[in-house]
Amino acid sequence: MKRTSTLVLTAFFALFVSIGLAMLGFAGRAWWKSTQVEQWPSVEGELLQRSLDESSDSDGSTWKVNVRYAYTVAGRRHEGDRVAFGYVGSSGRASHEAIYDKLMRGDRVRVRYNPADPAEAALAHGLRQRRHGIRRRALRGGGRLSGRAGAAPRARPTVRRGG
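**Q** When you look at the packing of aromatic side chains in this model, what are you seeing that I'm missing?
**A** For any pair of aromatic rings, geometry is given as the distance between the ring centres together with the angle between the planes. Applying the stated criterion across every chain, the model contains two aromatic pairs. When the centroid spacing of 6.2 Å and the interplanar angle of 85° are considered together, the rings of W40 and F85 count as edge-to-face. Placement of the pair is W40 in the loop between α1 (2–37) and β1 (42–57) and F85 in the loop between β3 (76–80) and α2 (93–103), with a sequence separation of 45 residues. Summarising the burial analysis for this pair, W40 and F85 share the class buried. Measuring from centroid to centroid gives 6.1 Å for Y69 and Y71, while their planes differ by 40°, and the two rings are tilted. Owing to a relative accessible area of 1%, Y71 belongs among the buried residues under this scheme.

So, in structure tokens, the structure goes:
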């Protein structure tokens, strides 16, 4: 009986350690990739789609900007959908709305692409707080999430609700 309890407790502990290590691995990869993107070359791209999406469940709402863009490297057209490595949805609508508003300024964006694999790309780069800090970094000067200069953003984003 005591041996069975010890085995169950050990298995339970091992499961949580495994989940924690997997989460740490994901975060470490996102951090590493986000710092690499800053060194990647960039090209002008065209926004094909952008939306501020809301998903709701019993815990509340989660907001996330979804984007699709096209860009050309060495004569070959690519499409991407990554805002930044590590960018995820969160309950902070204002942060995601600020990113969306920045993207609404025009149809052109700077796309940073991996020179070893041009199909891998992102619009923003650098280490940032995963949930809300992207807005601060992306909206700072330097066009990290750049739309066409001088165009006014829409007053309120179109929100798609999903479940």
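After that view of the structure, there is still more to cover.
**Q** Before we go on, may I ask you to explain the pairing of strand β2 (residues 60–73) in this structure?
**A** Each regular strand carries side chains that alternate between the two faces of the sheet. As paired elements, β1 and β2 share 12 bridges and run antiparallel to each other. Residue pairing in the sheet places L47 in a bridge with Y69 of β2. Between β1 and the antiparallel strand that follows it, β2, lie two residues. Note: β2 against β3, five bridges, orientation antiparallel. Residue pairing in the sheet places A70 in a bridge with E79 of β3.

**Q** I tried to follow the pattern of salt bridges on my own but got confused; where do I start?
**A** Think of it this way: side chains of opposite charge can pair up when their charged atoms draw near. Counted by the stated rule, this structure contains five salt bridges. Residues R108 and E44 are paired through a salt bridge, measuring 3.0 Å at the closest nitrogen-oxygen approach. On the criterion of sequence distance, the pair formed by R108 in strand β4 (residues 108–114) and E44 in strand β1 is long-range, its members being 64 residues apart. Given the relative accessible area of 35%, R108 is considered partly exposed. Within this structure, R68, R77 and E79 form a network of salt bridges that share partners.

**Q** I tried to follow the pairing of strand β5 (residues 117–122) on my own but got confused; where do I start?
**A** Sheet topology note: the β4/β5 ladder contains three bridges and is antiparallel. Of the residues in β5, the one forming a bridge with N114 is D117. Following β4, the chain reverses through two residues before pairing antiparallel with β5.

**Q** What's the story with the nonpolar core in this structure? I'm lost.
**A** Soluble globular proteins: nonpolar side chains tend toward being buried together. Of all hydrophobic cores here, the largest spans 22 residues; its most connected members are V65, V67, Y69, Y71, L103, V111 and L123. For this core, the secondary structure elements donating two or more residues are β1, β2, α2 and β4. Element by element, the count of residues in this core is highest for β2, at six residues.

**Q** Help me understand α2 in this model?
**A** Structurally, the α-helix is built with 3.6 residues per turn, so residues lying three or four positions apart point the same way. Judged by how many residues are buried, α2 sits mostly within the fold: nine of 11 residues are covered. Those residues of α2 that sit buried are S95, H96, E97, A98, I99, Y100, D101, K102 and L103.

Rules behind the numbers
Residues numbered from 1 in each chain as written. Predicted model: local features only at pLDDT ≥ 70, side-chain atom pairs only at ≥ 80, totals over all residues. Heavy atoms only, no water. Phe/Tyr/Trp six-rings, centres within 6.5 Å; stacked < 30°, edge-to-face > 60°. Helix = DSSP H or I, 4+ residues; strand = E, 2+ residues; numbered from the N terminus. Buried < 20%, exposed > 50% of the residue type's maximum accessible area, 1.4 Å probe, protein only. Pairing = 2+ DSSP bridges. Salt bridge = Lys/Arg side-chain N within 4 Å of Asp/Glu carboxyl O. Core = buried A, V, L, I, M, F, W, Y, C linked by side-chain atoms within 4.5 Å.

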